[in-house]
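Here's the letter readout for the chains.
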Amino acid sequence: MDQQRAGETARILIEALPYIQRFSGTTVVIKYGGNAMENEALKNSFARDIVLMKAVGIHPVIVHGGGPQIGDLLNRLGKESRFVQGMRVTDQETMDVVQMVLGGLVNKEIVSLLNRNGGRAIGLTGKDGDLIRARKMVLKGNQDDPALQASEIIDIGHVGEVEHIDVSVLEMVVNSGFIPVIAPIGVDEQGLSYNINADLVAGKVAEVLRAEKLMLLTNVSGLKDKEGNVLTGLTAQRVQALIDDGTIYGGMLPKIGCALDAVQNDVQSAHIVDGRVPHAVLLEILTDRGIGTLITRC
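From a predicted model like this one, the values you see are computed outputs, not experimental measurements.

1. Observations concerning the overall build of the chain
Within the chain one finds nine helices and 16 strands. The C-alpha atoms of the chain give a radius of gyration of 19 Å, which matches the 19 Å a tight globule of 298 residues would have. Along the first, second and third principal axes, the C-alpha set of the chain runs to 65 × 45 × 35 Å. With an accessible surface of roughly 14,300 Å², the chain has 50% of that area assigned to carbon and sulfur atoms. Considering the chain, the positive charge centre built from 29 side chains and the negative charge centre built from 36 side chains are found 4 Å apart.

Pasting the structure below:
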């Protein structure tokens with residue numbers, strides 16, 4: 001290693017040191033999905049980030065998505081994917097596919113990836129230990145079909161929302177030195193399974209763990225103003241103002257709503273981070289500038 005490169009390495013380590021000291025012993029919940037989950041190089045850089053976090057005393061908890069993988073398998077089975085208000089209509093046959101893909105294929109691939117990179121990961125679904133108690137999601141009206149009345153109930157099948165998370169299950173795994181990898185599948189009191197949006201699950205997990213950070217990996221560089229500049233250091237009040245004036249709209253709204261709920265319920269900060277950037281997680285947590293949008297309560 002030449003002197004210049006060695007000096008740059010030392011500078012990076014020195015810059016990271018106060019953040020390691022500050023966040024050691026805290027919990028960081030990371031929603032993992034999008035491009036970061038489909039590109040081989042990004043998958044390995046993500047895994048190394050998570051393993052390094054655990055090694056320096058930060059406790060990562062992973063919640064993953066898998067929408068594209070579900071869609072691919074449904075296509076191969078000859079079943080069309082249908083969405084209402086951004087939610088996948090999930091009949092029993094589709095729910096079976098969701099459980100196979102999220103709870104099996106995707107979850108175990110992430111666990112294996114972390115383990116191959118030196119971590120100790122355990123895969124969970126919300127059905128394990130009754131981790132995620134769910135209830136059926138009820139939609140009213142439909143912006144996709146103006147013919148429906150605003151009060152009309154739309155049944156989208158086995159799509160749920162979080163009713164309760166058993167924090168003791170997660171604490172047991174984390175305190176045993178493992179990295180939990182959670183598939184966003186919940187179960188209700190009657191034992192029915194539900195597909196739940198991974199962002200929503202990550203937010204609720206962060207809340208019950210009183211996490212230091214909630215990180216949502218996305219396919220964009222962060223929240224942007226109307227001129228296209230990435231915004232960061234935002235308070236919840238400022239974010240609400242950006243929603244009210246139309247700066248934040250469309251598909252980003254549910255993700256931002258999840259981040260706002262988290263910081264208003266005992267999570268210290270939420271981060272919208274570009275998962276297409278190698279080592280995005282470490283760059284956001286352990287550097288002065290970060291690479292995404294930071295949101296705090298005040």
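2. Description of the sheet that holds strand E14 (residues 234–235)
With mixed pairing, eight strands are arranged side by side in an open sheet as E5-E10-E2-E1-E13-E15-E16-E14. Every other strand in the sheet has two partners, leaving strand E5 (121–125) and E14 as the edge strands with one partner each. Strand contacts of helix H6 (residues 198–209): strand E1 (27–32), strand E2 (59–64), strand E10 (179–183) and strand E13 (213–218), with the helix running at about 175° to E1, the strand carrying the most contacts. Here helix H8 (residues 252–263) sits on the sheet in contact with E1, E13, strand E15 (269–274) and strand E16 (293–296), set at roughly 170° to E13.

3. Looking at the pattern of salt bridges
For the coordinates displayed, the defined rule picks out 16 salt bridges. Close ionic contact of Lys 255 with Asp 199 constitutes a salt bridge, the shortest N to O distance being 2.7 Å. Taken together, the positions of Lys 255 in helix H8 and Asp 199 in helix H6 put the pair 56 residues apart, joining distant regions of the chain. Residue classification places Asp 199 among the buried residues on the basis of a relative accessible area of 8%.

4. Things to note about the environment of Leu 52
Within the element layout of this structure, Leu 52 appears in helix H2 (residues 40–55). Judged by its relative accessible area of 39%, Leu 52 falls in the partly exposed class. Counting along the chain gives 13 residues from Leu 52 to Asn 39, while the straight-line C-alpha distance between them is 20 Å.

5. Details of the UniProt feature "binding site: substrate" (unreviewed entry) in the chain
Taken from the UniProt record, the annotation "binding site: substrate" (unreviewed entry) applies to Gly 66, Gly 67, Arg 88 and Asn 195. Despite a sequence span of 130 residues, these residues sit close together in the fold, their greatest C-alpha distance being 12.0 Å. The annotated residues that sit in the lining of the largest pocket are Gly 66, Gly 67, Arg 88 and Asn 195. Secondary-structure assignment places Gly 67 in helix H3 (residues 67–76). The class for Gly 67 is partly exposed, based on a relative accessible area of 30%. In this structure, Arg 88 sits in strand E4 (residues 87–88). Discounting residues that sit within four places of it in the chain, Arg 88 has contacts with Gly 67, Ile 70, Gly 71, Leu 74, Ser 81, Arg 82, Phe 83, Thr 94, Ile 156 and Val 159. Only 3.1 Å separates the side chain of Arg 88 from the backbone oxygen of Gly 67, close enough to count as a polar contact.

6. Focus: the packing of aromatic side chains
Taken as a whole and judged by the stated rule, the model has one aromatic pair. Aromatic pair Tyr 32 and Phe 46: ring centres 3.8 Å apart, planes at 0°, arrangement stacked. Of the two residues, Tyr 32 is situated in strand E1 and Phe 46 in helix H2; the sequence distance between them amounts to 14 residues. The class of Tyr 32 is buried, set by a relative accessible area of 0%. The buried category is assigned to Phe 46, whose relative accessible area is 4%. Over the ring of Phe 178 we find Arg 120, and its NZ or CZ is 4.1 Å from the ring centre.

What counts, and where the lines are drawn
What you see as residue numbers is a count from 1 along each chain, following the sequence as written. Residue-level local features of this predicted model are given only where pLDDT is at least 70; pairs of side-chain atoms are given and counted only at 80 or more, and the full residue set underlies all totals for whole chains, interfaces and linings. For side-chain calculations, the full set of non-hydrogen atoms in the structure is used, while hydrogens and water are omitted. In DSSP terms, a helix is any run of H or I states spanning at least four residues, a strand is any run of E spanning at least two, and both are numbered starting from the N terminus. Each radius of gyration is computed over the set of C-alpha atoms, and the globule rule expresses the reference value as 2.2 Å times the number of residues to the power 0.38. With residues, only the protein chains shown are counted as cover, and all accessible areas are computed by Shrake-Rupley using a 1.4 Å probe. Within this scheme the basic residues Lys and Arg register as positive and the acidic residues Asp and Glu register as negative, but His and the chain ends are omitted. Taken as the charge location is NZ of Lys, CZ of Arg, CG of Asp or CD of Glu. Two strands make a pair as long as DSSP finds a minimum of two bridges between them. Whether two residues are in contact is decided by their heavy atoms, any of which lying within 4.5 Å being enough. Fitting a line to C-alpha atoms yields each axis, with helices limited to the stretch in contact; the angle taken between N-to-C directions then spans 0 to 180 degrees. In what follows, salt bridge is the name for a side-chain nitrogen of Lys or Arg lying within 4 Å of a carboxyl oxygen of Asp or Glu. Remark: exposure states derive from per-residue accessible area (1.4 Å probe, protein chains only) relative to the maximum for the residue type, with buried under 20%, exposed over 50%, and partly exposed in between. UniProt positions are given in the numbering used here, feature names are shortened, and annotations may be inferred rather than shown by experiment. For each structure, a 1 Å grid was placed over the protein atoms alone; sets of points admitting a 1.4 Å probe that cannot get out are labelled cavities, open sets with protein on both sides within 12 Å along at least five of seven lines are labelled pockets, and lining residues have an atom within 4 Å of a point. Polar contact is defined as a pair of N or O atoms within 3.5 Å, subject to the rule that within protein one atom must be able to donate a hydrogen and the other to accept it, and that residues adjacent in sequence are counted only when both atoms are side-chain atoms. Here a pair means two rings of Phe, Tyr or Trp (six-membered ring of Trp) with centres within 6.5 Å. Their orientation is stacked below 30 degrees between planes, edge-to-face above 60, and tilted elsewhere. Note on geometry: a ring has a charge over it if NZ (lysine) or CZ (arginine) is within 6 Å of the ring centre and within 35 degrees of the ring normal.

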